[in-house]
Amino acid sequence: MTPADLSRTVLHAVRRAVDEDALRAPVPARVRVERTRPGGSGDYACAVALQLAGPAALPALEVARILRERVAAEPGVGRVEITGPGFLSFTLDAPAESDRAVLAAVREQGLAYGHGDALRDEIHQFHHAREVRAAVTAQAVFRLLVAQGARGRTTCEQAPDPDWVRLGVTVNAYGTPPTPLTEIRPVPAGATAGELLKRLGPDAARWGLLRAAGHDRAALGPELLVQGEANPLFRVRYAHARARALTHGAAALGFTAEAAPYGESPAEPAAHGASPAAQAANAAPAPYDRAARPLLDLIADHPGVLLAGARHRAPDRVARQLEAVAHAFFDFHDSCPPLPAGDEKPSAAHRARLAIAEAAGTVLAGGLSLLGIRAPEHL
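Keep in mind that this is a model prediction, so the values were computed, not measured. Along each chain, numbering runs from 1 in the same order as the chain's sequence is written. The predicted nature of this model means local features are confined to residues of pLDDT at least 70 and side-chain atom pairs, given and counted, to a pLDDT of 80 or more, with totals for whole chains, interfaces and linings taken over all residues. The basis for every side-chain value is the complete set of non-hydrogen atoms in the structure, without hydrogens or water.

Give me the packing of aromatic side chains: which residues, what numbers.
For Phe, Tyr and Trp, where Trp contributes only its six-membered ring, two rings pair if their centres lie within 6.5 Å, and the inter-plane angle classes them as stacked under 30 degrees, edge-to-face over 60, or tilted in between. Tallying each qualifying case throughout the model produces three aromatic pairs. When the centroid spacing of 5.7 Å and the interplanar angle of 20° are considered together, the rings of Tyr 238 and Phe 330 count as stacked. Here Tyr 238 is found in helix H7 (residues 232-253), whereas its partner Phe 330 is found in helix H10 (residues 315-335), with 92 residues between them in sequence. Relative accessibility thresholds used throughout: buried, under 20% of the residue-type maximum; exposed, over 50%; partly exposed, between the two (1.4 Å probe, protein chains only). Of the residues examined, Tyr 238 reaches a relative accessible area of 35% and is grouped as partly exposed. Phe 330 sits in the buried class, given a relative accessible area of 12%. Between the aromatic rings of Phe 329 and Phe 330, the centroid separation amounts to 5.3 Å while the plane-to-plane angle is 70°, which identifies the pairing as edge-to-face. Note on accessibility: Phe 329 and Phe 330 belong to one class, buried. Runs of H or I in DSSP of at least four residues are treated as helices and runs of E of at least two as strands, each being numbered from the N terminus.

Run through the side chain of Asp 203, naming residues and quoting values.
Of note, Asp 203 is situated in helix H6 (residues 193-211). A polar contact is formed between the side chain of Asp 203 and the side chain of Arg 237, at a distance of 3.1 Å. Definition of a polar contact: a pair of N or O atoms within 3.5 Å, with one able to donate and the other able to accept a hydrogen when the atoms are protein atoms, and with sequence-neighbouring residues admitted only if both atoms are side-chain atoms. A distance of 2.8 Å separates the side chain of Asp 203 from the side chain of Arg 374, its partner in a polar contact. Whether two residues are in contact is decided by their heavy atoms: any pair within 4.5 Å suffices. Apart from the residues lying within four places of it in its own chain, the contact partners of Asp 203 are Leu 233, Arg 237, Gly 372, Ile 373 and Arg 374.

Got a sec to walk through unusual backbone geometry? Specific residues and values, please.
Phi at Asp 21 takes a positive value of approximately 65°, unusual for a residue other than glycine. Tracing the chain through its elements places Asp 21 in the loop between helix H1 (3-19) and strand E1 (33-35). Taking the relative accessible area as the measure of exposure, Asp 21 reaches 45% and is therefore partly exposed. Even without a glycine there, the phi angle at Ala 57 is positive, about 55°. Judged by its relative accessible area of 67%, Ala 57 falls in the exposed class.

Any details on helix H5 (residues 132-147)? Residues and values, ideally.
For an α-helix, the turn length of 3.6 residues means that residues three or four places apart are oriented alike. Here the expected span of a helix is defined as 1.5 Å times the quantity of residues minus one. With 16 residues, H5 extends 23 Å between its outermost C-alpha atoms, agreeing within 8% with the 22 Å of an ideal straight helix rising 1.5 Å per residue. Of all 16 residues making up H5, 13 are buried, and the element is well covered by its neighbours. You can read the cap of H5 off the contacts: a side-chain oxygen lies 3.0 Å from the backbone nitrogen of Arg 133, and it is on Glu 131.

Please give an account of the environment of Pro 186 that cites residues and values.
Considering the arrangement of structural elements, one finds Pro 186 in the loop between strand E8 (182-184) and H6. The class for Pro 186 is buried, based on a relative accessible area of 12%. In sequence terms Pro 186 and Ala 138 are 48 residues apart; their C-alpha atoms lie 9.6 Å from each other.

As structure tokens, then:
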């Protein structure tokens, strides 16, 4: 069960409780589920009971009890606890099923993994100054909102800079709006679009403009062009390119990805006459389980990061998420190579590792696309 699945499950439980007259409150448009914070209980937590307590004229603990019995029976949910004043804490079933569901969702949805319709009822119009960072930020926020089902447009105070087109920026209209709009006003870049394009090119310029939070000054120096691990943009793009290369390498060796049960042995059939020791080794737990966990968690969290980036008008959250995915990808790759080495034959473990690596590459490409940045297959 993915976080998005769990959110829908909790929302369905609320709707059932209302339909059965166990709860008299309006059904919210969406339910927010978050990773449990350090020291908390379970895998995920939700404050929907506190949200509904007032309208239902019931204590939050009572609302939580009503919802717990309906969520606990759902497939994929192992345990539901009530903590604090009425938080619901969820422990999902064995990680194998959850991980397989996440990897399957990435494979099925591709670059649209993490997109949804949580904001489908929202319409926005963003207004910004004739300044390159404001224009690029407004465009990125607009992309994030559209990816979550919202509609809208962007307007500028004055006629747009012609160089913005090369940065992927379009403006629907310009001039002083008749009514107050949502303004996008990050700290100015201190350079024009033309200057940034000449110094950095479109991809590095967009990354530099979007990576820092809007209230911080953007780092737009030559370090954005460094082809090394000290440059976060290079690491993100190189991780994507490496994931694509793994797929090509596996194809050349005659195998493809397959999501094996996490923490279980993706065992190959024992060779005829194999010794007991060899058979035991073949059935041993997968050697990548500990190294894969951070990367799998980040992949599963990706939809929530995209939604938070849209809600908070913060494309920098997406950039930081991509950096974390790239870092975890290299840790996983180095600990558990997805491709066999030397005379080693491709095994189920390699196919499972490849599935995780491909999912990471898809997340990186999709996130970069939302930021308006290319994800090249070769660097």
